[in-house]
Amino acid sequence: MSKLLVFNWKMNPATLEEAISLAKASDQENIVIAPPFVFIEEVAKVLKKARLGAQDVFWENPPAGGGAFTGEVSAQELKNLCVEYVIVGHSERRHKLGETDEIVAKKLKAATDTGLVPILCIGETEEEKNAGKREAVLERQLKTALSDLQLTTNNLQPFVAYEPVWAIGTGNPETPESALATIKFIKELLKNFRISDFGFRVSVLYGGSVNSQNLQDYIKYKEVDGALVGGASLQEEEIKKIIKLI
Ligand code: PGA
């Protein structure tokens, strides 16, 4: 199966011109580009092969006229812009903006109810890792996030991104062997949750300081379904090298 790469631009770049240039450089099959909301519409116009993603979504999906949620963006609004994928529960939102597991669960439900493919981010902090709590944290995050999905039967294929918090943006990725072991653990958990009973096949990505030098070390494993790339997806030289690898 081909691997998926999700390019998470975070709050970058500063100008539309740069955004268009990055989008053109990244326009390949099996790539999802998640620009900031403000650039989505213009980026959509230049993409021919890559798919469009968003970095976040609000949990309410109000009927027409019911959108009294200042500053938020609904799943339906994203859908109307041809967005197909949405990142939910990124650790920067969890840890810098106070997003709880319960909020993540509501966002995941709003996304799937609207037909957006969710990319659910989970991962432990450095303290949690050092305290031997990695598996417990992942299980809690996954269980809570999926708890509202029991009634959803639309045939989406969700993604989980395993992103150890301490590996994001630090240049200090998890080792491929350990990332593989954790991804196998996540896949076992998903089996136990009997998520396949609801028509889901969940793919699991690795994220955290992935670049052109180390990408292959992760995606060479059949259990690793792709990667979520932050910083390297903002550098055109890196993009050129990365897209040759998938
Ligand atoms: P990074 O970011 O590749 O810069 O570590 C990954 C992410 O968006 O979580």
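Higher on the page you've got the structure.
To keep things clear, this report deals only with the structure shown in the data block. No experiment lies behind these values; they were computed from the predicted model shown.

This next bit is on the overall build of the protein chain. For the protein chain, the helix and strand inventory stands at 10 helices and 8 strands. By the compact-globule yardstick of 18 Å for 246 residues, the protein chain fits well, its C-alpha radius of gyration being 17 Å. When its C-alpha atoms are laid out on the principal axes, the protein chain stretches across 45 × 45 × 35 Å. Within the protein chain, the fraction of its 246 residues that count as buried is 53%. For the protein chain, long-range pairs separated by at least 24 residues make up 70% of all intrachain contacts whose partners lie at least 6 apart in sequence. Carbon and sulfur atoms make up 51% of the accessible area of the protein chain, which totals about 11,500 Å². Across the protein chain, the mean location of the 29 positive side-chain charges is 4 Å away from that of the 34 negative side-chain charges.

Before going further, it helps to spend a moment on the site of the ligand. The local shell around the ligand holds 13 residues, among which His90, Glu163, Gly169, Ser209 and Gly231 are the closest. Within the side chain of Asn8, a nitrogen or oxygen atom sits 3.0 Å from an oxygen atom of the ligand. Within the side chain of Glu163, one N or O atom sits 2.8 Å away from an oxygen atom of the ligand. With the chains in place, 95% of the 280 Å² that the ligand exposes on its own is no longer accessible. Looking at the shell around the ligand residue by residue, the class counts come to 4 nonpolar, 7 polar and 2 charged.

Attention now moves to the environment of Met11. Summarising the element assignment, Met11 is placed in the loop between strand E1 (4-8) and helix H1 (16-25). Note: C-alpha distance between Met11 and Val38 (27 residues apart in sequence) is 9.9 Å.

A separate point is H1. Looking at H1, one finds that the buried residues are Ala19, Ile20, Leu22 and Ala23. Taken around the axis of H1, the buried residues stretch over an arc of 165°, which confines them to a single face. Along H1, the residues that are exposed and aim more than 90 degrees away from the buried face are Glu17 and Lys24. Among the structural elements, strand E2 (31-34), helix H2 (37-46) and helix H10 (236-243) are those in contact with the buried residues of H1.

In this structure the tally under the stated criterion is 17 salt bridges. Lys107 is the partner of Asp56 in a salt bridge, and the nearest nitrogen-oxygen pair spans 2.9 Å. Residue Asp56 is located in the loop between strand E3 (51-54) and helix H3 (75-80), and its partner Lys107 is located in helix H5 (residues 101-114); the two are separated by 51 residues in the primary sequence. Across the pair Glu99 and Lys107 runs a salt bridge whose closest N-O atoms are separated by 2.6 Å. With respect to burial, Glu99 and Lys107 carry one shared label: buried. Shared partners join several salt bridges into a network, and the residues in it are Asp56, Arg93, Glu99 and Lys107.

What the rule picks out here adds up to 5 aromatic pairs. Taking the centre distance of 4.9 Å and the plane angle of 50° together, the rings of Phe58 and Phe69 count as tilted. One end of the pair, Phe58, is in the loop between E3 and H3; the other, Phe69, is in the loop between E3 and H3, with 11 residues separating them in the sequence. Ring plane angle 55° and centroid distance 6.4 Å describe the contact between Tyr162 and Tyr206, whose orientation is recorded as tilted. Note that Tyr162 is positioned in strand E6 (residues 159-162) and Tyr206 in strand E7 (residues 203-207), a separation of 44 residues in sequence. Tyr206 shares its class with Tyr162; the two are buried. Every member of this aromatic cluster is reached through a ring pair, and the members are Phe58, Trp59 and Phe69.

Here is a general trend for soluble globular proteins: nonpolar side chains tend to be buried in one another's company. One finds Leu78, Leu142, Ile186 and Tyr206 to be the most contacted residues of the largest nonpolar core, which totals 62 residues. Broken down by element, this core gets its largest block of residues, 7 residues, from helix H8 (residues 176-192). Excluding anything up to four places from it in sequence, Leu142 contacts Leu120, Ile122, Val160, Ile186, Leu189, Leu190 and Phe193. Within the second largest apolar cluster, 14 residues are counted, among which are Val32, Tyr85, Leu156 and Phe159.

For the rest of this paragraph, the subject is the sheet that holds E2. Spatially, E1-E2-E3-E4-E5-E6-E7-E8 is the arrangement adopted by the 8 strands of the closed barrel, whose pairing is parallel. Put simply, the sheet's adjacent strands are angled 25° from each other on average, direction ignored. Across the face of the sheet, helix H7 (residues 134-146) comes into contact with strand E5 (117-122) and E6 while running at roughly 150° to E5. The sheet strands contacting H8 are E5, E6 and E7, and the helix crosses E7 at an angle near 150°.

Cut-off values and rules
- Residues numbered from 1 in each chain as written.
- Predicted model: local features only at pLDDT ≥ 70, side-chain atom pairs only at ≥ 80, totals over all residues.
- Heavy atoms only, no water.
- Helix = DSSP H or I, 4+ residues; strand = E, 2+ residues; numbered from the N terminus.
- Rg over C-alpha atoms; globule rule 2.2 N^0.38 Å.
- Buried < 20%, exposed > 50% of the residue type's maximum accessible area, 1.4 Å probe, protein only.
- Contact = heavy atoms within 4.5 Å.
- Areas by Shrake-Rupley, 256 points an atom, 1.4 Å probe, with all protein chains shown as cover.
- Lys, Arg positive; Asp, Glu negative; His and termini not counted.
- Charge placed at Lys NZ, Arg CZ, Asp CG, Glu CD.
- Near = heavy atom within 4 Å.
- Polar contact = N/O pair within 3.5 Å; in protein donor to acceptor, adjacent residues only side chain to side chain.
- Nonpolar A, V, L, I, M, F, W, Y, C, P; charged D, E, K, R; others polar.
- Arc of directions from axis to C-beta.
- Salt bridge = Lys/Arg side-chain N within 4 Å of Asp/Glu carboxyl O.
- Phe/Tyr/Trp six-rings, centres within 6.5 Å; stacked < 30°, edge-to-face > 60°.
- Core = buried A, V, L, I, M, F, W, Y, C linked by side-chain atoms within 4.5 Å.
- Pairing = 2+ DSSP bridges.
- Axes fitted to C-alpha atoms, helices over the stretch in contact; angles between N-to-C directions.

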